[in-house]
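# An overview of the molecular structure
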Amino acid sequence: MPRKRRVLSGMRPTGRIHLGNFEGALKSWVSVQDEYECLYMVADWHALTDNTDTSHLPELTFDMVADWLVAGLDPARSTLFIQSHVPEHAELALLLSMVTPISWLERCPTFKEHFRSEKERASLSYGLLGYPVLQAADILIYKAEFVPVGEDQVAHLELSREITRRFNKAFGEVFPEPQPLLSRTSRLLGTDRRKMSKSLDNYISLTAEPDEIRRRTMSMITDTKRIYRSDPGHPDECNVFAFHTLYNDPERVEEIRRGSATGTLPCADCKAELGDVLVRFLAPFREKRREIESDPERVYDVLRDGTARARRIAGRTIAEVREKCRVGGLPGTAGAAPTRRKRNAP
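Residues numbered from 1 in each chain as written. Predicted model: local features only at pLDDT ≥ 70, side-chain atom pairs only at ≥ 80, totals over all residues. Heavy atoms only, no water.

So, on to unusual backbone geometry. Its identity as a non-glycine residue notwithstanding, Lys143 has a phi of 50 degrees, on the positive side. Take Lys143: it is sitting in the loop between α9 (131–140) and β4 (146–149). Non-glycine residue Asp201 carries a positive phi angle of around 55 degrees. By relative accessible area, which is 47% here, Asp201 ends up partly exposed. (Helix = DSSP H or I, 4+ residues; strand = E, 2+ residues; numbered from the N terminus. Buried < 20%, exposed > 50% of the residue type's maximum accessible area, 1.4 Å probe, protein only.)

Written as structure tokens, this is what we have:
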């Protein structure tokens, strides 16, 4: 049987998964588990690029991976592991940095967005500037052929592809160029119409309790052009309606569209119904989360087993890289680590 092509992706450990994470990435990860050999990592080193407070990382990691399992990631079909427990990522990132021009990093969209002024650049850490190199290492250490991304993220992957070409040209063919695995993802805005984020407190968790779900949906900003209750609405511009299209019955969605457009469906009623819809939709996730919390060792076992497997793959790759780069050895050792010769007894 031919080897399945390999997929790599990851998330920074920020705790429990919200619907934005689920629709934007996690649902796609779950859907490709049978077709590809999948590796999904807890990107804890990446979490340090803009926040060096690591006091809550263990708890955040547990919560995130528990929700990965809740959402349908299956350790029998996917390898779940912690980035920092596979030190080969760091070694490869160092070697990739030797062939990556600074100008490539400075044109990265994230760099341009956050560091436009000299004052902002003065606070820039090496880790944040170089995070695309570590990102490339995350992918290449497993020789992953594909990275699941939405269409708006393809440009971010291109830098990893450029680094791959530069390294292969310098040292010989080692890595495949990672290709985007385009997925149809739905971008959900937060309750305040901004990007859904825990830092903005505008999110709905995948395993939220019913009272919290209803409270957050009732606080949602709706159609800003609809001033009075009887005014005709603009459902395609309404954030609440966007949620209905994903989680409500299609026939009911059309009824909501007509009621909103004609002004016969009050926004408060629309939000209340959405709360009920989400309570029902998320019920299986809540139940599975309770099962996992009753046996937390299950999460640790998944990570231990996944990290061990990831290290085996990464170890084979880094051995090949050392040989290609001719580092880590002595003359005549082809890059292999030197062995201690036994001394003859006197």
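With that settled, the discussion passes to the pattern of salt bridges. Enumeration according to the criterion identifies 33 salt bridges in this entry. With a closest N to O distance of 2.9 Å, Glu145 and Arg3 form a salt bridge. Note that Glu145 is positioned in the loop between α9 and β4 and Arg3 in the segment before β1 (6–11), a separation of 142 residues in sequence. Glu145 sits in the buried class, given a relative accessible area of 17%. Residue classification places Arg3 among the exposed residues on the basis of a relative accessible area of 51%. With a closest N to O distance of 3.0 Å, Arg289 and Glu293 form a salt bridge. Of the two residues, Arg289 and Glu293 are both situated in helix α14 (residues 267–293); the distance of four residues between them amounts to about one turn of the helix. Judged by relative accessible area, Arg289 falls into the buried class, the value being 2%. (Salt bridge = Lys/Arg side-chain N within 4 Å of Asp/Glu carboxyl O.)

Position of Phe167 relative to the elements: it lies in helix α10 (residues 154–171). On a C-alpha basis, the gap between Phe167 and Met98 in space is 8.9 Å, while along the polypeptide they are 69 residues apart. Not counting the four nearest positions on each side in its chain, Phe167 is found in contact with Leu96, Val99, Gly172, Val174, Phe175, Val321 and Cys325. (Contact = heavy atoms within 4.5 Å.)

Tracing the chain through its elements places Arg286 in helix α14. Buried charged residue Arg286 carries no salt bridge. Nearest counter-charge: Glu209, at 4.6 Å. Apart from residues lying up to four places away in sequence, Arg286 is in contact with Thr207, Ala208, Glu209, Pro210, Ile213 and Val279. (Lys, Arg positive; Asp, Glu negative; His and termini not counted.)

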